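What follows is the residue order along each chain.
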Amino acid sequence: MSLDTPDTGTRTGTRDWRRSQVVADTYQRSKLAGFLYLFGWAVVALLGHAYDFEPAATLAIGAAFLAMGVLRLRLRPPGTTDTAANRRWLKQYALVLPLAPALWSAVQVWILLDPRFDGSARLVALIATIGYATVFVNMYSTVRTLSAIGAALLFVPVLVVLWADPLHRALAIAMSFYALYLVGALLGSHAEYRRRLDLDQALREQRDLYEQLSRTDPLTGVFNRRHFTARLEAAAQQATAGGEGFSLLILDIDHFKRVNDQFGHVVGDACLVAVADRLQRALPTPGALLARLGGEEFGVLLPGDPGWRWPRPRPSGSTCRSGRWNAKAGAWTSRSASASAPSIRRNTAMPTACTAPWTWPCMQPRPMAATACRRSAPTPERAGLELPPFPRSPALATFADDPALEVLFLPFDAGALSWPAPGGTLFLRARAGVALNAARRQRPVCEQSFKPWAEALERDGLAVSESNSGRFARVLVLSPRQRDESRALLARAVAQAEAGGVVVACAANKEGARSMEDDLVRLAGPVHSLSKRHCRVCWTAPLGDAVDRGLADEWLALDAPRPIADGRFRSRPGLFAWDRIDAASALLAECFPADLAGRAADLGAGWGYLAAELLARCPGITALDLYEAEARALALARENLSGAQVPLSFHWHDVAAGLPGGGYDVVVSNPPFHQGRADDPELGRAFIAAAARALRPGGRFWLVANRHLAYEQALARGFSSMRTVREHEGFKVIEAVKA
């Protein structure tokens, strides 16, 4: 594990990459072309009966062409971006590549001057010379000088011989004009290749930039949780397999919420930036990986035996956990010693068979947050905070994980509500985040039907289910925006709360928080409420006779599947286009050609409309797999396609993470492009990448998208060809074919 920092990647230099690309392209374009000279000589020798009057020369020339072809094929490029190695290869290849054209030029002169060759042999030889020169100009334009030398070796001696013979003067003039064309073609082909290199380089740099941004926390500049989790999983697998061990530190800033409450989020952001900077300067190099896991929590991944110590270790007032990875049990074995103010949690994974875990001192960073919380310091300057230069960005308002999730726990943080015994809390529509992590010791039972969020909860070690029928002392609800769905969820929360239990619901103001509060009052009587960060949380009194059971039953029925589209399908509130056929999907279905055949997949299948239309319009489909991240929609797709005559497979799966299977002949999709109300085109690009990987060569991908979404570059990366089939009312239908 090497030192990993977001601002110092290992991106290959532009010049090195371009040279390595030139080397690779030159070899790929020319490795088999050497054998064309052998084929040409065999045809000319056969037509001119060269073996009859010069058998030894005929065989020697053929053997020479064969040896040159094999030499080209075996002289492989170094396969690296090392400039010196690529330069050496180009010099060697520049000596080998002109050998065949030089020999062919000599053979061509011999054929023109030797009267024993008849006219048909000379004509075929001249046509072959023109063809070889054209190939050199167009295919080997990766290196302009090399291409020019090869074409000149082929053409110049022939022109000299033709111009010297008055009988061939007309042919010499024609060949001279063609030579001028070759000069222009060489310049144009080389310029086109350079433009392609420039485009590839720009796309590569853009890809690297996006990859870097996807791994970096925008506030602190250190790595984000996504990259940290991937590296941690890789390190754990390596340790389990008997490789190098690692150590894991989790750091949390104590009392950080008080900083945000008293001084605002700008000061809180400055604290986070300062702490991240101090941690980066304190970490050893090379080897350490620092990431912000969310909120005020940081993680550090250290390889092997840490031969270093934190500066100014302060074991008092900290929590230290040590342990090792048990490969057989697949779990940590650890011991811990706690003190009053935990700041660091540590685990050590050792792949060896050591019996006693090793430890080293923990450090409690200087309590910057505590310094900032003095009530006599109303400004950052008076709080003693040294604010670093801080970029003004629209992302600052949303740097926290989830405002609604944070506000949901406000009654517990404020002491207005207490937690029941562990396991006594049900969390409907749960989402992972820092606020939920703080309540993890309560072991809430989380219910989430959206696959990416369910997986995030599971990664945080929480119990997750698609549905739960138990009774609980506390029922938490993150209320959705759709009114019928929200009412049904509140009614269910009341139904699953035990006698004397409490329902706690939260929503963003722009997502219907006021309507949610009014509905909860109608359902369960007077409620308490708090507002913060443009969100509102409401909670009931202990439930009893005030609950309107009749209204609860009525609202529970709002979530029941109901017929739509004149009874052709069944859907339910809260799903995408739940009460109608989406216009984009309908347009895509209209464009399905009848010749789509073989194994098919529907990515983001929803409640099954596209799949049903594909089966109805394309009788050649032999099997169909449906991938959908929302379990509630997938259950309806199963119902809507119950009468299908081909094998069906239903997958509750996050398509953006890739597909578990492949080998499809056809993939269709109306991919999502929103996260909440914000556009997120990366979702659509992830769907395109998943489709490209899942299709077999020659497979067809049919996609519909909003016209303004620029998916063409993503399609170009995974497919050999694409075309816009139709544009209508702001949508476009695209077909792409995999090479």
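Here, the structure is the one placed above.
Conventions and cut-offs
Residues numbered from 1 in each chain as written. Predicted model: local features only at pLDDT ≥ 70, side-chain atom pairs only at ≥ 80, totals over all residues. Heavy atoms only, no water. Helix = DSSP H or I, 4+ residues; strand = E, 2+ residues; numbered from the N terminus. Contact = heavy atoms within 4.5 Å. Pairing = 2+ DSSP bridges. Axes fitted to C-alpha atoms, helices over the stretch in contact; angles between N-to-C directions. Phe/Tyr/Trp six-rings, centres within 6.5 Å; stacked < 30°, edge-to-face > 60°. Lys NZ or Arg CZ within 6 Å of the ring centre and 35° of its normal. Buried < 20%, exposed > 50% of the residue type's maximum accessible area, 1.4 Å probe, protein only. Lys, Arg positive; Asp, Glu negative; His and termini not counted. Salt bridge = Lys/Arg side-chain N within 4 Å of Asp/Glu carboxyl O. Polar contact = N/O pair within 3.5 Å; in protein donor to acceptor, adjacent residues only side chain to side chain. Core = buried A, V, L, I, M, F, W, Y, C linked by side-chain atoms within 4.5 Å. Expected span 1.5 Å × (residues − 1). Parallel < 35°, antiparallel > 145°, perpendicular 65-115°, else oblique. Left-handed = near helix turned anticlockwise from the far one by under 90°. Nonpolar A, V, L, I, M, F, W, Y, C, P; charged D, E, K, R; others polar.

Comments concerning the overall build of the chain
Step number 1: Helix and strand counts for the chain come out as 25 helices and 24 strands.
Step number 2: Considering only contacts within the chain whose residues lie at least 6 apart along the sequence, 68% involve residues at least 24 apart.

Topic: the sheet that holds strand 18 (residues 648-652)
Step number 1: Taken together, seven strands build an open sheet; the order of strands is 18-17-16-19-22-24-23 and the sheet is mixed. Pairing within the sheet leaves two strands with one partner each, and these edge strands are strand 18 and strand 23 (721-728). Within the sheet, the average angular offset between the axes of one strand and its neighbour, ignoring direction, is 15°.
Step number 2: As defined by bridge partners, strand 16 (residues 597-603) adjoins strand 17 (residues 620-628) across seven bridges and the pair is classed as parallel. Within strand 17, the residue paired with Ala 600 across the bridge is Leu 624.

Quick word on the packing of aromatic side chains
Step number 1: One pass over the structure, following the stated rule, counts 22 aromatic pairs.
Step number 2: Connected via pairs of aromatic rings, a cluster forms that spans Tyr 37, Phe 65, Trp 104 and Tyr 132.
Step number 3: Its guanidinium or amino end placed over the ring of Trp 453, Arg 431 lies 5.5 Å from that ring's centre, counting from NZ or CZ.
Step number 4: Sitting over the ring of Trp 652, Lys 451 keeps its end group 4.2 Å from the ring centre.

As for the side chain of Lys 738
Step number 1: On the secondary structure map, Lys 738 appears in the segment after strand 24 (731-737).
Step number 2: Although Lys 738 is buried, it makes no salt bridge; Asp 665 carries the closest opposite charge, 11 Å away.
Step number 3: A polar side-chain atom of Lys 738 sits 2.7 Å from the main-chain carbonyl oxygen of Ala 692.
Step number 4: If near-sequence neighbours (up to four positions away) are discounted, Lys 738 is found in contact with Ala 692, Arg 693, Leu 695, Arg 696, Pro 697, Gly 698, Gly 699, Gly 718, Phe 719 and Ser 720.

Let's talk about the side chain of Glu 517
Step number 1: Mapped onto the secondary structure, Glu 517 falls in helix 19 (residues 513-524).
Step number 2: Note on Glu 517: relative accessible area 11%, which makes it buried.
Step number 3: When near neighbours in sequence (up to four residues on either side) are disregarded, Glu 517 contacts Val 527, Ser 529, Arg 536 and Cys 538.

Topic: the nonpolar core
Step number 1: With 46 residues, the main nonpolar core has Tyr 37, Trp 41 and Trp 104 as its most contacted residues.
Step number 2: Of all the elements in the fold, those that place two or more residues in this core are helix 1 (14-30), helix 2 (34-48), helix 4 (55-74), helix 5 (83-96), helix 6 (99-113), helix 7 (119-139), helix 8 (144-164) and helix 9 (169-215).
Step number 3: Residues in contact with Trp 41, not counting those within four places in the same chain, are Ala 50, Thr 58, Ile 61, Gly 62, Phe 65, Trp 104, Val 107, Trp 110 and Ile 111.
Step number 4: With 37 residues, the next largest nonpolar core counts Phe 569, Leu 575, Trp 607 and Ala 637 among its residues.

Quick word on unusual backbone geometry
Step number 1: In this structure, His 534 takes a positive phi of about 60° despite not being glycine.
Step number 2: Looking at the secondary structure, you find His 534 in the loop between strand 12 (527-532) and strand 13 (535-540).
Step number 3: The phi torsion at Ala 565 lies on the positive side, around 55°, for a residue other than glycine.

Examining helix 18 (residues 483-496)
Step number 1: Over its 14 residues, helix 18 extends 20 Å from the first C-alpha to the last, a length consistent with the 20 Å expected when each residue adds 1.5 Å.
Step number 2: For helix 18, the tally of buried residues reaches ten of 14 residues, placing the bulk of the element in the interior.
Step number 3: Among the residues of helix 18, those classed as buried are Glu 485, Ser 486, Arg 487, Ala 488, Leu 489, Leu 490, Ala 491, Ala 493, Val 494 and Gln 496.
Step number 4: Capping of helix 18 at its N-terminal end is provided by Gln 482; its side-chain oxygen lies 2.9 Å from the backbone amide nitrogen of Asp 484.

Description of the packing of helix 6 against helix 8
In a pair of packed helices, the angle between the axes and the distance between the axes together describe the arrangement.
Step number 1: Here helix 6 crosses helix 8 at 15°, and the two axes come no closer than 8 Å. Relative to helix 8, helix 6 is oriented roughly parallel. Between helix 6 and helix 8 the crossing geometry is right-handed. For the pair helix 6 and helix 8, contact is made by Pro 101, Ala 102, Trp 104, Ser 105, Gln 108, Val 109, Leu 112 and Leu 113 and by Gly 150, Leu 153, Leu 154, Pro 157, Val 158, Val 161 and Leu 162, respectively.
Step number 2: Each residue belonging to the contact of helix 6 with helix 8 can be placed in one class, and the counts come to twelve nonpolar, three polar and no charged.

Focus on the pattern of salt bridges
Step number 1: Going through the model one piece at a time under the given rule, you end up with 35 salt bridges.
Step number 2: Among the salt bridges present, the one from Arg 116 reaches Glu 54, with a minimum N-O distance of 3.5 Å. In this pair, Arg 116 is assigned in the loop between helix 6 and helix 7 and Glu 54 in the loop between helix 3 (50-53) and helix 4, connecting sequence segments 62 residues apart.
Step number 3: You can call Arg 116 partly exposed: its relative accessible area is 41%.
Step number 4: Where salt bridges share partners, they join Lys 257, Asp 261, Glu 406, Lys 532 and Arg 533 into one cluster.

Overview of the environment of Ala 560
Step number 1: Position of Ala 560 relative to the elements: it lies in the loop between helix 20 (549-556) and strand 14 (562-564).
Step number 2: Placed 75 residues apart in sequence, Ala 560 and Glu 485 show a C-alpha to C-alpha distance of 9.7 Å.
Step number 3: Among residues more than four places away in sequence, those in contact with Ala 560 are Ser 571, Arg 572 and Pro 573.

Some remarks on the pairing of strand 12
Step number 1: Relative to strand 13, strand 12 is paired through six bridges, and the arrangement is antiparallel. Within the sheet, the bridge partner assigned to Ser 531 lies in strand 13 and is Arg 536.
Step number 2: Connecting strand 12 to the next strand, strand 13, in antiparallel fashion are two residues, including Arg 533 with a positive phi near 55°.

Fair warning: the whole summary comes from geometry, so function is off the table for now.
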